[in-house]
Amino acid sequence: MRISFESNVFLLFNPASLDDLKDPCPVFDSKLWHVFGSGGTVTTETWGIFHATSPNLYGPWTEHDIISLVISGSGVAAPGVTFDDGVFHMFIQTEFMKSGGRCEHAVSNDGFNWVVLKPAIISLPDTDEDGIYDPHPAFIGGVRYIVYSGMPKFTKVPQPDIYLARSTSNTWFGPWYRIGKILDHNDLPHHNPREHPDYEWGIEGAQLVELPDGRVLLNATCFLPSGARGSRQRVFFATSDNVEGPYRTLGPVLDLKEPGENGHSTVMINDNELTLFYQSRVRATNNRWRFGIAKCSLGEPAVAQVA
């Protein structure tokens, strides 16, 4: 499988009053597009739950008030949202830069007003899931899953790998059975290894999507083993015949024409067309994170560039 993005729109829009937009998750409710994400600033790593709507995926987008949830944590952000049977289900982290954390679950009938339920997944102290974050719901082969980043205790920088949990009720209400790790640092030659002298970060922002041929596409973010900090973050794809892996990486899929980087994204597949809704920062955005959309027909050769 090779990826060639035939169209790429960046930047999609500038936020009215936020420094940075990250972790986009677009959802269509059969009438309106919603994009949820993290809105705030990387300067202080202060984030809220961003929400905008549009009748068209390319806009114009109307920004709404930051979503307020009754959830505690220093890193409540990066919502993974799905719309199923008339209900929005949001899975959201509470921490991402330290041990602990929960994958919280909230529901809404309209995308604006939310009710927080019991946590879907919580961290497991003193294990490889001592910290968890970046949950994203997935529907693969008729089964409901959550894919997320999990990391052991650390002294300097988090080193997360990718983990998977399955709903034992096959509803978004769980309970959730931990399948375990499905992607490790050692599986990615294009990612900085744990022993790298200038290690930047681990694997994060994972999402799973079923391909038209029945295989599973893993969409996530890596950090290249070379280059200056602030230039090494990349969207990459990997594929597997089984949702539990093993996954074979296709490498980074979205090139840049100017200094910068791209990362946390959401893939949507309709018929044989793949849409990537991603975050990027480049010189033209004053290195502030913004959203973009790239599209391709599946199975085409080559790689696209950010305009």
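See the structure above.
Note that the structure is a prediction, hence the values are computed from the model and not measured.

### Focus on the overall build of the protein chain
Then, number 1: Within the protein chain, the regular secondary structure consists of zero helices and 23 strands.
Then, number 2: Here the C-alpha atoms of the protein chain give a radius of gyration of 18 Å, agreeing with the 19 Å that 2.2 N^0.38 yields for 307 residues.
Then, number 3: With respect to the three principal axes, the spread of C-alpha positions in the protein chain is 45 × 45 × 45 Å.
Then, number 4: Here the protein chain, with 307 residues, has 58% of them falling under the buried criterion.
Then, number 5: Look at the contacts in the protein chain between residues 6 or more apart in sequence, and 52% of them connect residues 24 or more apart.
Then, number 6: Distance from the positive charge centre (24 side chains) to the negative charge centre (35 side chains) of the protein chain: 4 Å.

### Points about unusual backbone geometry
Then, number 1: Of note, the bond from Gly174 into Pro175 is cis; its omega dihedral lies within 30 degrees of zero at 5°.
Then, number 2: Take Pro175: it is sitting in the loop between β13 (161-167) and β14 (176-183).
Then, number 3: Residue Pro246 follows Gly245 across a cis peptide bond; omega there is 5°.
Then, number 4: Its identity as a non-glycine residue notwithstanding, Glu45 has a phi of 55°, on the positive side.
Then, number 5: Among the secondary structure elements, Glu45 is positioned in the loop between β3 (33-41) and β4 (46-54).

### Some thoughts on a nonpolar patch on the surface
Then, number 1: A cluster of nonpolar side chains, Val115, Leu117 and Phe173, forms an exposed patch at the surface whose accessible area comes to about 260 Å².
Then, number 2: Tracing the chain through its elements places Leu117 in the loop between β9 (115-116) and β10 (121-122).
Then, number 3: By relative accessible area, Leu117 is classed as partly exposed at 31%.

### Examining the packing of aromatic side chains
Then, number 1: One pass over the full model with this rule turns up 16 aromatic pairs.
Then, number 2: When the centroid spacing of 6.4 Å and the interplanar angle of 35° are considered together, the rings of Phe13 and Trp61 count as tilted. Here Phe13, found in the loop between β1 (7-9) and β2 (20-28), pairs with Trp61, found in the loop between β4 and β5 (62-63); they are 48 residues apart in sequence, far enough to count as distant.
Then, number 3: One aromatic cluster is present, formed by Phe13, Phe50, Trp61, Phe277 and Phe291 through successive ring pairs.

### Details of the sheet that holds β3
Then, number 1: The strand order across the open sheet formed by four strands is β2-β3-β4-β5, and the pairing between neighbours is antiparallel. On the outer flanks of this sheet lie β2 and β5, each paired with one strand and no other.
Then, number 2: Pairing of β4 with β5 involves two bridges; the strand directions are antiparallel. Across the sheet, residue Ala52 finds its bridge partner in β5, namely Glu63.

### Some points on the pattern of salt bridges
Then, number 1: The final tally for this structure, using the stated rule, is 17 salt bridges.
Then, number 2: For Asp19, the salt bridge identified is with Arg288, shortest N-O distance 3.7 Å. Taken as a pair, Asp19 in the loop between β1 and β2 and Arg288 in the loop between β21 (273-282) and β22 (290-297) lie far apart in primary sequence, 269 residues in all.
Then, number 3: With relative accessibility at 34%, the residue Asp19 sits in the partly exposed group.
Then, number 4: The class of Arg288 is partly exposed, set by a relative accessible area of 21%.
Then, number 5: In this structure, Lys181 engages Asp184 in a salt bridge whose closest nitrogen and oxygen atoms are separated by 2.8 Å.
Then, number 6: Given the relative accessible area of 35%, Lys181 is considered partly exposed.
Then, number 7: Bridged by salt links that share partners, the residues Asp161, Lys181, Asp184 and Arg194 form one connected network.

### Observations concerning the nonpolar core
Buried together is how nonpolar side chains tend to be arranged in soluble globular proteins.
Then, number 1: One finds Leu208, Leu218, Phe236 and Tyr247 to be the most contacted residues of the largest nonpolar core, which totals 21 residues.
Then, number 2: The leading source of residues in this core is strand β16 (residues 216-223), at four residues.
Then, number 3: In contact with Leu208, not counting residues within four places along its chain, are Ala138, Ile140, Val147, Leu164, Ile182, Val216, Leu217, Leu218, Val243 and Tyr247.
Then, number 4: In terms of nonpolar packing, the next biggest core, distinct from the first, is built from 19 residues, Phe5, Phe237, Ala294 and Leu298 among them.

### Here's the deal with the environment of Tyr148
Then, number 1: Topologically, Tyr148 is positioned in strand β12 (residues 143-151).
Then, number 2: The exposure class assigned to Tyr148 is buried, which follows from its relative accessible area of 2%.
Then, number 3: Separated by 33 residues in sequence, Tyr148 and Lys181 have C-alpha atoms that sit 9.5 Å apart.
Then, number 4: Among residues more than four places away in sequence, those in contact with Tyr148 are Ile121, Glu129, Ile132, Tyr133, Asp134, Pro135, Asp161, Ile162, Tyr163, Leu164, Ala165 and Arg178.
Then, number 5: A polar side-chain atom of Tyr148 sits 2.6 Å from a polar atom in the side chain of Glu129.

Here is what the cut-offs are and how they apply
Residues numbered from 1 in each chain as written. Predicted model: local features only at pLDDT ≥ 70, side-chain atom pairs only at ≥ 80, totals over all residues. Heavy atoms only, no water. Helix = DSSP H or I, 4+ residues; strand = E, 2+ residues; numbered from the N terminus. Rg over C-alpha atoms; globule rule 2.2 N^0.38 Å. Buried < 20%, exposed > 50% of the residue type's maximum accessible area, 1.4 Å probe, protein only. Contact = heavy atoms within 4.5 Å. Lys, Arg positive; Asp, Glu negative; His and termini not counted. Charge placed at Lys NZ, Arg CZ, Asp CG, Glu CD. Patch = residues over 30% accessible without salt bridge, like charges linked within 9 Å, V, L, I, M, F, W, Y side chains within 5 Å. Areas by Shrake-Rupley, 256 points an atom, 1.4 Å probe, with all protein chains shown as cover. Salt bridge = Lys/Arg side-chain N within 4 Å of Asp/Glu carboxyl O. Phe/Tyr/Trp six-rings, centres within 6.5 Å; stacked < 30°, edge-to-face > 60°. Pairing = 2+ DSSP bridges. Core = buried A, V, L, I, M, F, W, Y, C linked by side-chain atoms within 4.5 Å. Polar contact = N/O pair within 3.5 Å; in protein donor to acceptor, adjacent residues only side chain to side chain.

Geometric descriptors of this kind do not, in isolation, establish any biological role.
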